[in-house]
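Working through the structure, step by step
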Amino acid sequence: MATGDNSKKALADALNGLLADYYALYLKTKNFHWHVTGPHFREYHLLFDEQATELIATTDLVAERVRKLGQDTLTSIGSIAAKQRIKDQDSTSTDAAKMLKELHGDNETLIQALKDAKDLAEKAGDNATDGLLDDWTDQAEQRAWFLAATIGKA
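This section reports on the structure supplied with the text. Sequence positions are assigned chain by chain, starting from 1 and proceeding in written order. Reporting in this predicted model follows two pLDDT cut-offs: at least 70 for local features of residues, and 80 or more for side-chain atom pairs to be given and counted; totals over whole chains, interfaces and linings ignore these cut-offs and use all residues. In computing side-chain values, all of the structure's heavy atoms are included and hydrogens and water are not.

Concerning the packing of helix H2 (residues 41–68) against helix H4 (residues 96–124)
Helix-helix packing is characterised by the crossing angle of the two axes and by the distance between the axes. Angles here are taken between N-to-C directions and fall from 0 to 180 degrees, while the axes themselves are lines fitted to C-alpha atoms, restricted in helices to the stretch in contact. Under the scheme used here, helices are H or I runs from DSSP no shorter than 4 residues and strands are E runs no shorter than 2 residues, and both carry numbers assigned from the N terminus. Look at H2 against H4: their axes get within 12 Å of each other, and the N-to-C directions meet at 20°. It follows from the interaxial angle that H2 and H4 lie roughly parallel. Crossing angle aside, the handedness with which H2 passes H4 is left-handed. Across the interface between the two elements, Tyr44, Leu47, Phe48, Gln51 and Leu55 from H2 touch Ala96, Met99, Leu100, Leu103, Asn107 and Leu110 from H4. Taken together, the residues that form the contact of H2 with H4 break down as nine nonpolar, two polar and no charged. Oblique is the label for every angle not falling under 35 degrees (roughly parallel), over 145 degrees (roughly antiparallel), or within 65 to 115 degrees (roughly perpendicular). What makes a crossing left-handed is the near helix being turned counterclockwise from the far one by less than a right angle; a clockwise turn instead makes it right-handed. Throughout, a residue-residue contact means that at least one pair of heavy atoms, one from each residue, lies within 4.5 Å. When residue character is reported, Ala, Val, Leu, Ile, Met, Phe, Trp, Tyr, Cys and Pro are called nonpolar, Asp, Glu, Lys and Arg charged, and the others, Gly included, polar.

Side note on the layout of surface pockets
For each structure, a 1 Å grid was placed over the protein atoms alone; sets of points admitting a 1.4 Å probe that cannot get out are labelled cavities, open sets with protein on both sides within 12 Å along at least five of seven lines are labelled pockets, and lining residues have an atom within 4 Å of a point. Grid points are joined across faces, edges and corners, and a volume is the space filled by probe spheres set on the points. Reported here for the largest pocket is a volume of approximately 240 Å³. Lining the largest pocket are 13 residues, and of these Tyr23, Ala24, Leu27, Gln84 and Asp88 lie nearest its centre. Looking at the lining of the largest pocket, the elements that each hand over two or more residues are helix H1 (3–35) and helix H3 (77–83). The dominant element in the lining of the largest pocket, judged by the number of residues it contributes, is H1, at six residues. For the lining of the largest pocket, the class distribution of residues is seven nonpolar, three polar and three charged.

So, in structure tokens, the structure goes:
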């Protein structure tokens, strides 16, 4: 396998890791959307739904980049679980403040993974993926900023 092929394979692998994280973060955000309670219910319910919608919309774009690199994407819940870095949250009674903090931390984890993937895109000479990673990083930074501002950390 040529060096260029290796760098594209490494990039595709990183993108599949991102894809797993996007799915995991989407599902966690929807879990919190469905189960949030308290005095800020409406505000948080809507915030979580907006963020979940953005996350799920990005999954197709990430998967298509993997395919454009000539690699296979994730195929199942099991393949997502094997690659995800975002930790699951199965509780339906997490308090709203903890939800906000957890999602903020998860978006920070995603931001770092996006930046790591950007380095791989540069090494692979993949300008298209490089540009998309900038857009996805900006979206993740905005989600993290909104969550931080809501928590009072901004």
